[in-house]
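Structural overview for review
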Amino acid sequence: MQPDAPQHDRIPEIALDWHRAGKGAALATVIETWGSAPRQPGSQLAISGEGEIMGSVSGGCVEGAVVVEALEALGDGTPRVLTFGVTDETAFSVGLACGGTIRVLVEPIGKGMPVAMLEAVVEARAARKPLAYGVTIEGWERRLLGPSDLPERFRADRSGMEESGEFIALFNPPLRMLIVGAVHIAQALVPMAKLAGYDPVLIDPRDAFASEGRFPDTVIRHDWPDEGLLAEGLDARTAVVTLTHDTKLDDPAIIAALRSDVFYLGCLGSTRTHAKRLERLRAAGITEDQIARIHAPVGLDIGAKTPAEIAVSVLAQVTQVLRQA
């Protein structure tokens, strides 16, 4: 995870920071939901011993009660599971359409969740290594788990309860978006990607295009695109978007992406441009199955015209592929 990731995406890191600072910290995690609960299992809220919070376990309905329980847990060192029924009336008052029921696990760091376990989670996230921890709700036994232990959960990116009574908190690597081409669309797409929880990286060998002035607070690689992609690493938590319109820049990047496990590959260009691109890719030995993975022209067909609108359509399509695949 990049150090400039949004604070609301750094819940384990913030909890560990508060613990190390001597404030005390607890993690509250949604473990089960019914009805129209606003947050999914695995959603977390960090609470410091001074009452500071980061993250959420609902749309604001129950955070106050969770903070009270977390402070009590820090006092007595005992984990606990809380159950909340969010009524339709209460839900509406905080801007939600309807209610639901959620169960929330509250774990004080140290006396509940071992500090070493939280440190392992933070280290794995920094190294882009998938990791999960399991905790039994009766007995509080805990263990660390990897993709080989729970392959289906890691593929689906799904935290939740097992039939055995063990809750699995999943920490897949943060999502990344590798953008090839420092063009106008990229100037809108980079900040949008950050807001959506992606770590964006801009790749363009042209210094005049890929400059700090045009892309402030952005990770920029002035590499040849395929080299930059391979140097960053291509995995199943990565989306690649090519935007240059220059075949000598886009084509090598597309080929590198197609030979990897990236979950999304989108390429800018008209239908005619894409048809010519496919001819070149086939000549380069790319198979029809690989070609079928390309989203081109890039983005959902929403009639986008401006660079910002095109960026919206791209991010929407990336989200659709990630969540509906």
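Structure's up top.
Small disclaimer: the values here were computed from a predicted structure and weren't measured.

**Observations concerning the packing of helix α6 (residues 184-195) against helix α11 (residues 307-324)**
Contact pair α6 / α11: the axes reach a minimum separation of 8 Å and the direction vectors enclose 50 degrees. The orientation of α6 relative to α11 falls into the category oblique. Here α6 runs over α11; the crossing is right-handed. Residues His 184, Ile 185, Ala 188, Leu 189, Met 192 and Ala 193 of α6 lie in contact with α11, whose contacting residues are Pro 307, Ala 308, Ile 310, Ala 311, Val 312, Val 314 and Leu 315. Partitioning the contact of α6 with α11 into residue classes produces 12 nonpolar, 1 polar and no charged.

**Section: the sheet that holds strand β15 (residues 294-295)**
The 6 strands lie next to each other as β12-β11-β10-β13-β14-β15, forming an open sheet whose pairing is parallel. Every interior strand has two partners, whereas the edge strands, β12 (219-221) and β15, have only one. One ladder, built from 2 bridges, connects strand β14 (residues 264-267) with β15; its direction is parallel. Looking at the pairing, Gly 266 lines up with His 295 of β15. Packed on one face of the sheet, helix α7 (residues 225-232) meets β10 (176-180), β11 (199-203), β12 and β13 (238-242) and runs near 165 degrees to β10.

**Some words on the pattern of salt bridges**
This structure, assessed with the given rule, holds 20 salt bridges. The shortest N-O distance in the salt bridge between Asp 76 and Arg 80 comes to 2.6 Å. For Glu 232, the salt bridge is made with Arg 176, and the minimal N-O distance between the two is 3.7 Å. Here Arg 176 lies in strand β10 and Glu 232 lies in helix α7, a separation of 56 residues in the sequence. Each of the salt bridges in this network shares a partner with another, and the network as a whole consists of Arg 128, Arg 176, Arg 221, Asp 223, Glu 232 and Asp 235.

**Topic: helix α1 (residues 11-20)**
Among the 10 residues in α1, 7 count as buried, and that is most of the element. Looking only at α1, the buried set comprises Ile 11, Pro 12, Glu 13, Ile 14, Ala 15, Leu 16 and Trp 18. Phi turns positive one or two residues past the end of α1, at Gly 22, with a value near 85 degrees.

**Some points on the layout of surface pockets**
Empty space within the second largest pocket amounts to approximately 520 Å³. If you trace the second largest pocket, you find 17 residues lining it, with Phe 154, Arg 155, Ala 156, Asp 157 and Ala 236 closest to the centre. Of all the secondary-structure elements, those providing two or more residues to the lining of the second largest pocket are α5 (151-156) and α11.

**Considering the pairing of β11**
With 5 of 5 residues buried, β11 lies mostly within the body of the structure. Judged by which residues are buried, β11 turns out to be covered on both faces: Asp 199, Val 201 and Ile 203 on one side and Pro 200 and Leu 202 on the other are all buried. The handedness of the β10 to β11 crossover, carried by α6, is right-handed. Judged from the 3 bridges that link them, β11 and β12 form a sheet pairing that is parallel. When the sheet's bridge partners are listed, Val 201 is paired in β12 with Val 219.

**Describing the sheet that holds strand β9 (residues 166-171)**
As summarised here, the arrangement of the 4 strands in space is β7-β6-β9-β8, forming an open sheet in which the pairing is antiparallel. Both edges of this open sheet fall to β7 (142-145) and β8 (160-161), since each of them pairs with a single strand only. Both strand β6 (residues 131-136) and β7 contribute to a ladder of 4 bridges, which runs antiparallel. The residue bridging Gly 134 from the neighbouring strand is Arg 143, located in β7. Docked against the sheet, helix α4 (residues 115-126) engages β6, β7 and β9, running at close to 155 degrees with respect to β6.

**Things to note about the pairing of β6**
For a regular strand, side-chain orientation follows a simple rule: the groups alternate between the two sheet faces. A large share of β6 lies buried, amounting to 6 of its 6 residues. In β6, alternate side chains face the same way, and those of Leu 131, Tyr 133 and Val 135 on one face and Ala 132, Gly 134 and Thr 136 on the other are all buried. Across 6 bridges, β6 lies against β9 in antiparallel orientation. Along β9, the bridge assignment pairs Val 135 with Phe 167. Here β6 folds back onto β7 in antiparallel fashion, the turn holding 5 residues, of which Gly 139 has a positive phi close to 110 degrees.

**Observations concerning the side chain of Arg 237**
Along the polypeptide, Arg 237 turns up in the loop between α7 and β13. With relative accessibility at 14%, the residue Arg 237 sits in the buried group. Discounting chain neighbours no more than four positions away, the residues touching Arg 237 are Arg 128, Asp 157, Asn 172, Pro 173, Pro 174, Leu 175, Arg 176 and Phe 263.

About the criteria used
- Residues numbered from 1 in each chain as written.
- Predicted model: local features only at pLDDT ≥ 70, side-chain atom pairs only at ≥ 80, totals over all residues.
- Heavy atoms only, no water.
- Axes fitted to C-alpha atoms, helices over the stretch in contact; angles between N-to-C directions.
- Helix = DSSP H or I, 4+ residues; strand = E, 2+ residues; numbered from the N terminus.
- Parallel < 35°, antiparallel > 145°, perpendicular 65-115°, else oblique.
- Left-handed = near helix turned anticlockwise from the far one by under 90°.
- Contact = heavy atoms within 4.5 Å.
- Nonpolar A, V, L, I, M, F, W, Y, C, P; charged D, E, K, R; others polar.
- Pairing = 2+ DSSP bridges.
- Salt bridge = Lys/Arg side-chain N within 4 Å of Asp/Glu carboxyl O.
- Buried < 20%, exposed > 50% of the residue type's maximum accessible area, 1.4 Å probe, protein only.
- 1 Å grid on protein atoms, 1.4 Å probe; cavity = no way out; pocket = protein on both sides within 12 Å on 5 of 7 lines; lining within 4 Å.
- Points joined across faces, edges and corners; volume = space filled by probe spheres on them.
- Right-handed = clockwise from strand over helix to strand, strands pointing away.

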